[in-house]
Amino acid sequence: MGRKVQVQATKYQRHVMSELFFNPDIVEAAMLGARGTVKTHAGCLISQVYLGMNPGEVGVAFRKTEKATEENIGAPFERIAAEMGVPWRYLKNKSEYIHPNGSVFRIRHCAS
């Protein structure tokens, strides 16, 4: 039996997550909204599940600055990976996480 990870999300975010997993025509997604609406958490969770299900895929997340990238994407991504028990490997020199199946999650800031 898999682990259960509870995610607080709005009705719209739940709809987006469902579409991302089950609509094969979607190749890119963005979540917009006010601060504190769980966009980053949901995005990190969706990325981990999708990349875990699809070996060799690549995901990218952006922030304005390197500090914001590490704090606002890297930290939640690592926390969710630990909760899910997935051993992502972080390559600091490339700012990317490698899933055991070969999928890659890149974190970038606007200058990169």
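A brief report on the enclosed structure follows. Note that the coordinates shown come from a computational prediction; the quantities given were computed from them, not determined experimentally.

### Section: the overall build of the protein chain
Point 1. For the protein chain, the count of helices and strands is 3 helices and 4 strands.
Point 2. Along its sequence from the N terminus, the protein chain presents helices and strands in the succession α-α-β-α-β-β-β.
Point 3. Buried residues in the protein chain amount to 29% of all 112 residues.
Point 4. Within the protein chain, counting contacts between residues at least 6 apart in sequence, those at least 24 apart form 57% of the total.

### A closer look at helix H2 (residues 39-53)
Point 1. Between its first and last C-alpha atoms H2 spans 21 Å; for 15 residues at 1.5 Å apiece the expected length is 21 Å, and the two agree.
Point 2. Among the residues of H2, those classed as buried are Ala42, Cys44, Leu45, Ile46, Ser47, Gln48 and Leu51.

### With respect to the pairing of strand S4 (residues 104-109)
Point 1. As paired elements, strand S1 (residues 58-63) and S4 share 6 bridges and run parallel to each other. Looking at the pairing, Val60 lines up with Arg106 of S4.
Point 2. Linkage of strand S3 (residues 96-98) to S4, two consecutive antiparallel strands, is achieved through a turn of 5 residues, within which Gly102 is found at a positive phi near 100°.

### Regarding helix H3 (residues 66-84)
Point 1. An ideal rise of 1.5 Å per residue puts 27 Å on 19 residues; H3 measures up with 26 Å between its terminal C-alpha atoms.
Point 2. A maximum bend of about 30° is found in H3 at Gly74, where proline Pro76 lies one to four positions downstream.
Point 3. Those residues of H3 not exposed but buried are Ala68, Thr69, Ile73, Gly74, Pro76, Phe77, Ile80 and Ala81.
Point 4. On its buried face, H3 sits against H2, S1, S3 and S4.

### What to know about the sheet that holds S3
Point 1. Ordered in space as S1-S4-S3-S2, the 4 strands form an open sheet in which the pairing is mixed. With partners counted over all chains shown, the strands left at the sheet margins are S1 and strand S2 (89-91), one partner each. Across this sheet, the average inter-strand angle for adjacent strands is 20°, counted without regard to direction.
Point 2. Direction of pairing for S2 relative to S3: antiparallel, over a ladder of 3 bridges. For Leu91, the partnering residue across the bridge sits in S3 and is Glu96.

### With respect to the pattern of salt bridges
Point 1. Enumeration according to the criterion identifies 2 salt bridges in this entry.
Point 2. The shortest N-O distance in the salt bridge between Lys92 and Glu70 comes to 3.9 Å. Within this pair, whereas Lys92 is found in the loop between S2 and S3, its partner Glu70 is found in helix H3, the two being separated by 22 residues in sequence.
Point 3. Its relative accessible area of 34% is what places Glu70 among the partly exposed residues.
Point 4. The residue Glu96 makes a salt bridge to Arg106 at a minimum N-O spacing of 3.0 Å. You can see Glu96 sitting in strand S3 and its partner Arg106 sitting in strand S4, a full 10 residues away along the chain.
Point 5. Overall, Glu96 belongs to the buried group, its relative accessible area being 7%.

Conventions we followed
- Residues numbered from 1 in each chain as written.
- Predicted model: local features only at pLDDT ≥ 70, side-chain atom pairs only at ≥ 80, totals over all residues.
- Heavy atoms only, no water.
- Helix = DSSP H or I, 4+ residues; strand = E, 2+ residues; numbered from the N terminus.
- Buried < 20%, exposed > 50% of the residue type's maximum accessible area, 1.4 Å probe, protein only.
- Contact = heavy atoms within 4.5 Å.
- Expected span 1.5 Å × (residues − 1).
- Pairing = 2+ DSSP bridges.
- Bend = angle between axes of the 7 residues up to and from the residue.
- Axes fitted to C-alpha atoms, helices over the stretch in contact; angles between N-to-C directions.
- Salt bridge = Lys/Arg side-chain N within 4 Å of Asp/Glu carboxyl O.

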